[in-house]
Amino acid sequence: MAIGFETETSRLGSKDCYFHSLAEELQPKRDKMADFLQEVGIVPVVPEGGYFMIADYTELGEGRSSGSSSGSSSRSSSSSSSSSSSSSSSCSTM
């Protein structure tokens, strides 16, 4: 790997450099992804020199109601109380 980096650093100013060609290859893909995300209502944060893209999708969930989450919290509290009682009983039998 070190030999590859040495080879490419000697080519940094030319079009043959891997790092230069990689950026040229990935930029159209980045732009296509950003355009697609915007078309479906997601706001992308377009990176200037990174591989990953962050996207804000909060506007997609604005029309949803928050009432559905209450049922899951009551289930989780009842399951946690039953698991805590079983763990305390297993500790007392040891």
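Residues numbered from 1 in each chain as written. Predicted model: local features only at pLDDT ≥ 70, side-chain atom pairs only at ≥ 80, totals over all residues. Heavy atoms only, no water.

Undergrad: Explain the overall build of the protein to me, please; I cannot follow it from the model alone.
TA: A tally of helices and strands in the protein yields three helices and two strands. The buried share of the protein, taken over its 94 residues, is 7%. When contacts within the protein are restricted to residue pairs at least 6 apart in sequence, those whose partners lie at least 24 apart make up 3%. Here the protein has roughly 7900 Å² of accessible surface; of this, 58% comes from carbon and sulfur atoms. (Helix = DSSP H or I, 4+ residues; strand = E, 2+ residues; numbered from the N terminus. Buried < 20%, exposed > 50% of the residue type's maximum accessible area, 1.4 Å probe, protein only. Contact = heavy atoms within 4.5 Å. Areas by Shrake-Rupley, 256 points an atom, 1.4 Å probe, with all protein chains shown as cover.)

Undergrad: Looking at this structure, how should I read helix 2 (residues 18-39)?
TA: One turn of an α-helix holds 3.6 residues; hence residues three or four places apart share an orientation. In this model, helix 2 (22 residues) spans 32 Å end to end at C-alpha, consistent with the 32 Å of a helix rising 1.5 Å per residue. The sharpest bend along helix 2 measures roughly 25 degrees and falls at Leu26, with the proline Pro28 sitting one to four residues further on. The positive-phi residue at the C-terminal boundary of helix 2 is Gly41, with phi of around 95 degrees. (Expected span 1.5 Å × (residues − 1). Bend = angle between axes of the 7 residues up to and from the residue.)

Undergrad: Explain a nonpolar patch on the surface here, please?
TA: A cluster of nonpolar side chains, contributed by Met1, Phe5, Leu12, Tyr18 and Phe19, occupies part of the molecular surface with about 600 Å² of accessible area. Tracing the backbone through its elements, the reader meets Phe5 in helix 1 (residues 2-10). On the basis of relative accessible area, Phe5 is assigned to the partly exposed category, the value being 44%. (Patch = residues over 30% accessible without salt bridge, like charges linked within 9 Å, V, L, I, M, F, W, Y side chains within 5 Å. Salt bridge = Lys/Arg side-chain N within 4 Å of Asp/Glu carboxyl O.)

Undergrad: Help me out: how do you make sense of the environment of Cys17 in this one?
TA: Within the element layout of this structure, Cys17 appears in the loop between helix 1 and helix 2. Between the C-alpha atom of Cys17 and that of Thr7, which follows or precedes it by 10 residues, the distance is 8.8 Å. Excluding residues within four positions of it along the chain, Cys17 makes contact with Glu8, Arg11 and Leu12.

Undergrad: Would you explain the side chain of Glu8 in this entry?
TA: Relative to the helices and strands, Glu8 is located in helix 1. Ignoring sequence-local partners within four residues, the contact set of Glu8 consists of Asp16, Cys17, Tyr18 and Phe19.

Undergrad: I tried to follow the packing of aromatic side chains on my own but got confused; where do I start?
TA: Given two aromatic rings, one states the distance between the centres and the angle between the planes to describe the pair. Tallied over the full model, the rule gives two aromatic pairs. Ring centres of Tyr18 and Phe19 lie 5.7 Å apart, and the angle between their planes is 70 degrees; on these two criteria the pair is classed as edge-to-face. Under the relative-accessibility criterion, Phe19 is labelled partly exposed at 34%. Among the aromatic residues, ring-to-ring pairing joins Phe5, Tyr18 and Phe19 into one connected group. (Phe/Tyr/Trp six-rings, centres within 6.5 Å; stacked < 30°, edge-to-face > 60°.)

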